[in-house]
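An overview of the molecular structure
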Amino acid sequence: METRSTRIGLGVATVAVIAFLWLPLLLIMAYAFNSSTIQSWPISGFTLHWFHEAWHDPEARSSLWLSIKVGLAATAVALVLGTAAAAAIYRFRFFGREAVSFLLLLPIALPGIITGMSLNSAFNFAGVRFSIWTIVVGHATFCVVIVYNNVLARLRRSSPSLLEASMDLGADGWQTFRFVVWPVLSTALVAGGLLAFALSFDEVIVTTFTAGAQTTLPIYILDHIQRGQDLPVVNAIVFVVILVTVIPVTIAQRLTGDTGVLRRGASRTKV
Amino acid sequence: MAELVEAGASLRSARLRISAALWRRPWLKLGLLLAAPVLAFAVVYLGALVSLFVSAFWQIDAFTAAVIHKWTLDNFKTLWNDHTYWRITGRTIGIAAAVTVTDAVLAFPLAYFMARLATPRLRALLFIAVLLPLWSSYLVRIYAWRTILAKDGALNWFLNGIGLPDTGLAYTNTAMWIVFSYVWLPFMVLPVYAALERIPDSYLEASQDLGAKGSRTLRSVILPLALPGIVAGSIFTFSLTLGDFITPALVGGAGSSFIGNVVHDKVGQPDIPFAAAFATVPVVVMAIYLLIARRLGAFDAV
C-alpha cells in the first residue's frame, strides 16, 4: 500500500533509529579495550589490561558480590510472592481483586525515587539499620511485578480445566502441582526470574535510598563516574554489566516468545 | 517393607485429605496464596508510601534535624514562595514534555516499519534490537552519552572530522534532552508498535479506495488509531523523566537540577519532610497526566 518512496524513507529512518539506539552501547563497550587512561575518542590502542585490573580490584569485587547476593535474594522473594499473587488473581474472583493487582503494579508505576524515599523514611522511622536486607526489600518491590506478569500471562494462556482433570483423576495437590502446573509454568518462572535478576542487578535509584553506606555494583559505577576515578576499570566493568544484562534478557525472550519481556513495558500502563 | 508401604499410603491419604479440604474451602486457598504478597506489600510498601506523604506535613527541628510530628503546611509554603523551586519544576516538566515529543517522532517510523513492512524474520530481529537497549543498564547508557558528549568525545571527533566546530553540548539542558530521549526511546517504540500492528490492512485499502492519498490516510486513519499507543508510550517517557535524578547529575550542568535532585539532596541532609513535600509534585502531575491518558484510550492500547 505504501508507495516506493515511503518504503525507502521508512527503511532509512528505521536504520537511523536503530543506529541511534546501538552506537552509544557499542562505543562504550569499545572503551573497555582502550590502552590509554584518557577517556577520548578514538581510543588509542587495544588492551585487555583493564579486565585484569577490574577483576583484582577489591572494591569492585565486593560490590559485584553484593549485587549478586541482592539479585538472587530479591529474585527468590519475587518468585514466591509473584507466583502466589498471580495464582490467586488467576484462580479467584474476590472483593479487592483489582486493588491487589494495582498494589503490585504501584512500584513500577511510580517513579523509583518515590519508592526509594518512602522505604528510606520508613526504615529510619522503624529504626531498621541499613543492611543487605533493606536493599533486598527495595528491589523485591519492583521485581515481584515482573514475575507476577510473566506467570499471569502464562496462566491466562493455559486452561483451568487441566487442574480439574488432574484432581478428577485422583491426583492430590502436590501431584497436580508437580505434573500439571509445574510443566506449564516452569519456563515462565525461569524467564520471570531472569528478568527480575537483570532488573535488580542494574538498579540504582531505589538502591541509593536503601543501601546506606553499602556499595552495589551500580552504586560503585555511579560513584566512580561522578568522581572521574578509575574510569578505565569502570569501562571494563561496564562491558561486563552490559553482557550480564543482555544474556538473561535474550534467554527470557526465547522462553516466553515475546510476551514476557514486553510485559515490563506493558505492565506500567495497566494502572 | 510393609511398614514403608503403609507409611507411604498414609502420607498419600493425608495429602489427599489436605487437597480435598482446600478444594472445598477455596477461600482458605485464596487466603494462603494472597497472605504473603498482600501483607508484604500493604505493610512494607503502602505503609512506607503513606508515612512518606504524611511526613510532608511535618517539619524538622532546625538545630537537631529531628523530625517534629506537628502538622504544618510550611514545606508547601516554602515551595510555593521560592521561585527557585518553580524554575526547577518548570525545567523538569518542560524537558519531560520535550523528551516525550522527541521519542514519539523517533519511534513512529521505526514502529511502523516493524509492524507493517518488515518480514517476520526482520521483525523479530528489530524486536531484539529494541528490547536489549531497554533492558541493558540504564546507568551504563547515560555514562555512554557522557563520554560521547565530552569535549574530546566521539561527537566532537566526528564533527571535526567533517569540518565542523565543537558542539559544547556537554553538561547542558540540551544534553539532558538528548540523553533522556535516548534512554526512554524503547518504551515508546513498543506500545506504538502494538497499536500499529493491530490496524487491519483493509482499513488502509478502504481509505485508498475512497480516494485518499498517502498523507490523508496517515492523518485520518493511521494516526488516530496509533494515538492510544503513542499516549501509552508517553506515560513512560514522561513519568520516568519526571522522577529521574541520575541523568541531570551525570550529563546536566551546574544549574540543571531536576525535582529528583533536590529531593535526593534533601533526603541526604536529612530533611525528609521537605523532600516528601516536593516529591508530591511529580506524583500530582503524573496523576493528572494519567487521567488525561485514560481519556485518550491509552489503557486499552497495550
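Residues numbered from 1 in each chain as written. Chains lettered and ligands numbered in written order. Predicted model: local features only at pLDDT ≥ 70, side-chain atom pairs only at ≥ 80, totals over all residues. Heavy atoms only, no water.

**Examining a nonpolar patch on the surface**
Residues and elements named next belong to chain A.
- On the surface, a cluster of nonpolar side chains totalling about 380 Å² of accessible area is made up of Val190, Leu243, Ile247, Ile251 and Leu255.
- At four residues, helix α11 (residues 231–256) tops the list of elements feeding residues into the nonpolar patch.
- The residue Ile247 is located in helix α11 in this model. (Patch = residues over 30% accessible without salt bridge, like charges linked within 9 Å, V, L, I, M, F, W, Y side chains within 5 Å. Areas by Shrake-Rupley, 256 points an atom, 1.4 Å probe, with all protein chains shown as cover. Salt bridge = Lys/Arg side-chain N within 4 Å of Asp/Glu carboxyl O. Helix = DSSP H or I, 4+ residues; strand = E, 2+ residues; numbered from the N terminus.)

**So, the environment of Ile132 of chain A**
Residues and elements named next belong to chain A.
- As for its placement among the helices and strands, Ile132 is situated in helix α6 (residues 132–157).
- With 66 residues separating them along the chain, Ile132 and Leu66 place their C-alpha atoms 7.7 Å apart.
- Residues contacting Ile132, with those up to four places away along its chain left out, are Leu66, Lys69, Val70 and Gln214. (Contact = heavy atoms within 4.5 Å.)

**Let's talk about helix α6 (residues 138–149) of chain B**
- Relative to the 16 Å expected for 12 residues at 1.5 Å per residue, α6 of chain B spans 17 Å between its end C-alpha atoms, a close match to the ideal helical length.
- Looking at where α6 of chain B begins, the residue whose side-chain oxygen comes 3.4 Å from the main-chain nitrogen of Leu139 of chain B is Ser137 of chain B. (Expected span 1.5 Å × (residues − 1). Polar contact = N/O pair within 3.5 Å; in protein donor to acceptor, adjacent residues only side chain to side chain.)

**Focus: the side chain of Thr207 of chain A**
All names here are of chain A.
- With respect to the helices and strands, Thr207 occurs in helix α9 (residues 205–210).
- Thr207 sits in the buried class, given a relative accessible area of 0%.
- Within the structure, the side chain of Thr207 is placed 2.8 Å from the side chain of Glu203, a separation counted as a polar contact.
- Aside from chain neighbours lying at most four places away, what touches Thr207 is Ile135, His139, Thr216 and Ile219. (Buried < 20%, exposed > 50% of the residue type's maximum accessible area, 1.4 Å probe, protein only.)

**Comments concerning the interface of chain B and chain A**
- In this complex, chain B contributes 89 residues to the contact, which on the side of chain A involves 93 residues.
- Summed over the shared surface of chain B and chain A, the number is zero salt bridges.
- Linking chain B with chain A are six residue pairs in polar contact (both at pLDDT 80 or more).
- It is helix α2 (residues 26–55) of chain B that provides the largest number of residues to the side of chain B that touches chain A, a total of 19 residues.
- Broken down by class, the residue content of the side of chain B that touches chain A amounts to 67 nonpolar, 12 polar and 10 charged. (Nonpolar A, V, L, I, M, F, W, Y, C, P; charged D, E, K, R; others polar.)

**Regarding the confidence of the model for chain B**
All names here are of chain B.
- Here chain B averages 85 in pLDDT, while 95% of its residues score no lower than 70.
- Least confident of the elements in chain B is helix α1 (residues 2–24), whose mean pLDDT is 70; most confident is helix α4 (residues 83–117), at 94.
- Here the prediction assigns the complex a pTM of 0.83, and the interface score ipTM is 0.82. (pLDDT = per-residue confidence, 0-100.)

**Some details on unusual backbone geometry**
- For the bond from Gln269 of chain B to Pro270 of chain B, the omega torsion is 0 degrees, close enough to zero to count as cis.
- Looking at the secondary structure, you find Pro270 of chain B in the loop between α12 (259–268) and α13 (272–295).
- Even without being a glycine, Asp230 of chain A presents a positive backbone phi close to 50 degrees.
- Taking relative accessible area as the criterion, Asp230 of chain A reaches 39% and is therefore assigned partly exposed.
- Not every positive phi belongs to a glycine, and Tyr171 of chain B is a case in point at roughly 60 degrees.
- By the element assignment, Tyr171 of chain B lies in the loop between α7 (154–161) and α8 (173–197).
- With relative accessibility at 42%, the residue Tyr171 of chain B sits in the partly exposed group.

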